[in-house]
Amino acid sequence: MAMRTGGAQKEGERPKLTGDRIRRALRIFSYVLPYRWTFIAGMVILAAGSLLFLGIMRLPGEVFNILDGEPTYNLGLNQVFLVLAGLLALQGVLSYLRVQLFARVSEKSMATLRSDLYQKLITLSIPFLEERRVGEMTSRITNDVTQVQGVISVTLAEFVRQVIILIGGIVLIIVAMPRLALIMLGTFPVVVLLAMFFGRHIRRLMKDRQDQLAQTNVVVEETMQSIQTVKAYTNEWFELKRYAKHLNEVVRLALRAAHMRGLFAAFIVSVMFGALFFIMWRASLMVQVGVMEKGDLVNFIIFTGIIGGAIASLGAFYTEMVSAVGATERIWEIMDETPEISPRQLPARPTQRFTGEVTYQQVQFTYPGRPDVPVLKGIDFTIPAGRKIALVGASGAGKSTIVQLLLQFYRVSAGQIWVDGKNIYDIDLLDYRQNIAIVPQEVMLFGGTIQENIAYGRPGASVAEIEDAAHKANAWQFIQAFPEGLQTLVGERGVKLSGGQRQRIAIARAILKDPAILLLDEATSSLDAESEKLVQEALNVLMEGRTSIIIAHRLATIRDVDCIYVIDNGLIIEQGTHDELSAIPDGAYNTLARLQFEMAG
Ligand SMILES: Nc1ncnc2c1ncn2[C@@H]1O[C@H](COP(=O)(O)OP(=O)(O)OP(=O)(O)O)[C@@H](O)[C@H]1O
Ligand SMILES: [Mg+2]
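The structure presented is a predicted model; accordingly, all values stated were derived computationally and were not measured.

**Regarding the domain arrangement of the protein**
Where interface size is given, it is often the accessible area lost as the parts come together that is meant.
Then step 1. The assigned domain composition of the protein is domain 1 (24–335) and domain 2 (358–600).
Then step 2. In this assembly, 4 residues from domain 1 lie in contact with 4 residues from domain 2.
Then step 3. Looking at the side of domain 1 that touches domain 2 residue by residue, the classes come out as 2 nonpolar, no polar and 2 charged.

Here it is as structure tokens:
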């Protein structure tokens, strides 16, 4: 199946962290804004905790100074350890508060972000969603937001903490031991440069691995969604191989990254400890000639370790923040799209009820995903309010497309569609769609009860109304046969309904919605004679008094419609009633009818 080429190319570019990108990423803090005081409190506590940590780390050295009889603070041994215990307790309280505060900010703000992102996804136009894969979209809501959340709740705080510790540590040793400090700081640029070089390389490798892992998820999702097809074609082995191929690539990339990470770790460790021992050597010489106290030496070593640790972790946090910048970009890419509607609580019935006159005027259409193939090439027809028409024609002629344009799933490329004399694009989309119902060929039921599935046609409908709709849709009989009736669970966790049963649920949905315009896309094509009769009866009830567009392969089901349009290759090639079209000896309608008759015979 198709590869995600667009994404793969993007990764290759190795995006640089420019000021502009950072500024755009910082937009994420608009979600933190409502919790700014909590966030600021967290930052203050964080700063206090970091300074306290530096203070605590000075005390072990002091112990040696006291032992040598040269205390810095005029405190005894017991007092030093008492102070130490007190500071540690305070540090514990601060740590707890910090974690709590940041968790509160990040959980609440990211929940809002997730909800906004989902709202965006669900209100985006169909062409936008069709261009992307389901797996990619869900990963934005889960993985990308999780990455950003990690930065807000932990990484950013740790980063600030390490910066404070780094700067504080450097200031402290420069003040206390300027000469030694200079020797030590002389080795820093080397470490920092190495860390940055490695860090960037590793970051790219890790990202490649991440993308490849996402690819494996796409395989799993796809096969789970169409598991029946996989099994029917006994393609388990094929899918397994496809999955394994992606997995191998993940491992390969991960190992390459691990190689670099290993080198990174080795370099950091040897350079760090090399520098540490070098400095210890210089320092112990100073203690030997009496220029320096033993306690200060201990302090110095501790602080060298702390500073080294801070630098090492800053590199890691930097990497995390850079990938979070990437994540925010993917999030904004969706958030900045213009939705086709803004969702709002709807009244039970449409505020604006159409009479249902539909006019197509020179409608041309090309799918955005296939710009070189015109699908509709100038469709003209008018359906007076409350009339029934049928669209017939060969597979791929464009029948479903005509119907999808009326639902405004896509915009026409040229021409106009009018409903009740208004251009459909001038009507509020929510009001508009509330007046239309579709009974598709493939009915998807949501996981839940039968009652919930019928009520989907008009959320808030009473049980009596739902039962009534089920009766009219000829669905009551089979619903009643289930021990739990309307409360029967359907879908993944419940019973699986047959095609005809699902279709009658969809009809009940449409009855409940009570639309002015009804679209039936081959609603009876997949049924046996008995269910077809039941569904047809239900449809007749449903179509009463509504403008109906029926797409049918089986011509027998549309004899009594007001007008039949024969579609061929995106054009209407014949139109008229059944009798009129039957009277054209070599007409397209008759040809279709003859073909069907021969097949049936
Ligand atoms: N989402 C899409 N993106 C690109 N092309 C599409 C899309 N949907 C349909 N097409 C193309 O548009 C043409 C018309 O498709 P349409 O579904 O309208 O045919 P149809 O008349 O309903 O056929 P059928 O009787 O088989 O349902 C076909 O060539 C199809 O390949
Ligand atoms: Mg179709």
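**Overview of unusual backbone geometry**
Negative phi values dominate among residues other than glycine, just as trans dominates among peptide bonds.
Then step 1. A positive phi angle is found at Asp514, which is not glycine, with a value near 55°.
Then step 2. For Asp514, the position within the fold is in the loop between helix 16 (499–513) and strand 9 (517–521).

**Section: the sheet that holds strand 10 (residues 547–551)**
Then step 1. The 6 strands lie next to each other as 6-9-10-3-11-12, forming an open sheet whose pairing is mixed. The sheet terminates laterally at strand 6 (436–439) and strand 12 (571–576), the two strands that pair on one side only. Across this sheet, the average inter-strand angle for adjacent strands is 20°, counted without regard to direction.
Then step 2. With 5 bridges connecting them, strand 11 (residues 563–568) and strand 12 associate as antiparallel partners. Residue pairing in the sheet places Ile564 in a bridge with Gly576 of strand 12.
Then step 3. On top of the sheet, helix 16 reaches strand 6 and strand 9; it is set at about 170° to strand 6, its chief contact.

**Focus on the sheet that holds strand 4 (residues 414–419)**
Then step 1. Spatial ordering of the open sheet is given by 2-1-4-5, a layout of 4 strands whose pairing is antiparallel. Edge positions in the sheet fall to strand 2 (374–383) and strand 5 (422–423), since each has one partner strand and no second.
Then step 2. As paired elements, strand 1 (residues 358–366) and strand 4 share 5 bridges and run antiparallel to each other. From the neighbouring strand, Tyr360 faces strand 4, where its bridge partner is Ile417.

**Digging into the site of ligand 1**
Then step 1. The full set of residues close to ligand 1 is Glu130, Tyr367, Gly369, Arg370, Val375, Ser395, Gly396, Ala397, Gly398, Lys399, Ser400 and Thr401.
Then step 2. Looking at the shell around ligand 1, the element that brings in the most residues is helix 11 (residues 399–406), giving 3 residues.
Then step 3. Its residues assigned to classes, the shell around ligand 1 comprises 3 nonpolar, 6 polar and 3 charged.

**Details of the nonpolar core**
Then step 1. Counting residues in hydrophobic clusters, the biggest one holds 69 residues, and the most contacted among them are Ile454, Ile507, Ala508 and Leu519.
Then step 2. With residues up to four places along the chain from it excluded, the contact list for Ile454 reads Ile466, Ala469, Ala470, Ile505, Ala508, Arg509 and Leu512.
Then step 3. With 21 residues, the next largest nonpolar core counts Leu101, Phe102, Val151 and Leu156 among its residues.

**Considering helix 17 (residues 529–543)**
Then step 1. The end-to-end C-alpha distance of helix 17 is 20 Å, a good match for the 21 Å that 15 residues give at a rise of 1.5 Å each.
Then step 2. All buried positions along helix 17 are accounted for by Glu532, Leu534, Val535, Ala538, Leu539 and Leu542. One side of helix 17 holds all its buried residues, which, seen down the axis, span an arc of 160°. In helix 17, the exposed residues that point more than 90 degrees away from the buried face are Ala529, Glu530 and Asn540.
Then step 3. Contact partners of the buried residues in helix 17: helix 14 (463–472), helix 16 and strand 9.
Then step 4. After helix 17 finishes, the residue Gly545 shows a positive phi value of roughly 70°.

**What about the environment of Lys472?**
Then step 1. With respect to the helices and strands, the residue Lys472 is situated in helix 14.
Then step 2. Along the chain, Lys472 and Ala538 lie 66 residues apart, while their C-alpha atoms are 6.1 Å from each other.
Then step 3. With sequence-adjacent residues up to four places away left out, Lys472 is seen in contact with Ile511, Ala538 and Val541.

**Quick notes on the packing of helix 3 (residues 36–67) against helix 10 (residues 294–335)**
Then step 1. Where helix 3 meets helix 10, the axes come as close as 7 Å, and the angle between the chain directions of the two elements is 160°. With respect to their mutual orientation, helix 3 and helix 10 come out roughly antiparallel. Crossing of helix 3 over helix 10 shows right-handed handedness. Every residue of helix 10 that contacts helix 3 at Met57, Arg58, Pro60, Gly61, Glu62, Phe64 and Asn65 is listed here: Lys294, Gly295, Asp296, Val298, Asn299, Ile302, Phe303 and Ile306.
Then step 2. For the contact of helix 3 with helix 10, the per-class residue count stands at 7 nonpolar, 4 polar and 4 charged.

**A short note on the confidence of the model for the protein**
Then step 1. In this model, the protein carries an average pLDDT of 86, and 93% of its residues clear a pLDDT of 70 or more.
Then step 2. The low-confidence segment residues 1–14, where pLDDT is below 50, has 8 contacts with residues more than four positions distant or belonging to other chains.

**Description of the pairing of strand 10**
Side-chain positions along a regular strand alternate between the two faces of the sheet.
Then step 1. Taking burial as the measure, the 5 residues of strand 10 include 5 buried ones, the bulk of the element.
Then step 2. Burial of the side chains of strand 10 extends over both faces: Thr547, Ile549 and Ile551 are buried on one face and Ser548 and Ile550 on the other.
Then step 3. Of the pairings in the sheet, the one linking strand 9 to strand 10 comprises 5 bridges and is parallel in character. Note on strand 10: the bridge partner recorded for Leu518 is Ser548.

**Some words on the environment of Leu33**
Then step 1. Within the secondary structure, Leu33 is located in the loop between helix 2 (19–26) and helix 3.
Then step 2. Note: C-alpha distance between Leu33 and Glu484 (451 residues apart in sequence) is 49 Å.

**Thoughts on the pairing of strand 3 (residues 388–393)**
Then step 1. Here strand 3 lies mainly inside the structure; 6 of its 6 residues are buried.
Then step 2. Of the two faces of strand 3, the one holding Lys388, Ala390 and Val392 and the one holding Ile389, Leu391 and Gly393 are both buried throughout.
Then step 3. Both strand 3 and strand 11 contribute to a ladder of 5 bridges, which runs parallel. By the bridge assignment, Val392 is partnered in strand 11 with Val566.

**So, helix 6 (residues 134–176)**
Then step 1. The end-to-end C-alpha distance of helix 6 is 60 Å, a good match for the 63 Å that 43 residues give at a rise of 1.5 Å each.
Then step 2. A bend of about 45° at Val151 is the largest found in helix 6.

Cut-offs used in this document
Residues numbered from 1 in each chain as written. Chains lettered and ligands numbered in written order. Predicted model: local features only at pLDDT ≥ 70, side-chain atom pairs only at ≥ 80, totals over all residues. Domains from an automatic or database assignment. Contact = placed C-beta atoms within 7 Å. Nonpolar A, V, L, I, M, F, W, Y, C, P; charged D, E, K, R; others polar. Helix = DSSP H or I, 4+ residues; strand = E, 2+ residues; numbered from the N terminus. Pairing = 2+ DSSP bridges. Axes fitted to C-alpha atoms, helices over the stretch in contact; angles between N-to-C directions. Near = placed C-beta within 6 Å. Core = buried A, V, L, I, M, F, W, Y, C linked by C-beta atoms within 7 Å. Buried ≥ 20, exposed ≤ 12 C-beta atoms within 10 Å, placed from the backbone. Expected span 1.5 Å × (residues − 1). Arc of directions from axis to C-beta. Parallel < 35°, antiparallel > 145°, perpendicular 65-115°, else oblique. Left-handed = near helix turned anticlockwise from the far one by under 90°. pLDDT = per-residue confidence, 0-100. Bend = angle between axes of the 7 residues up to and from the residue.

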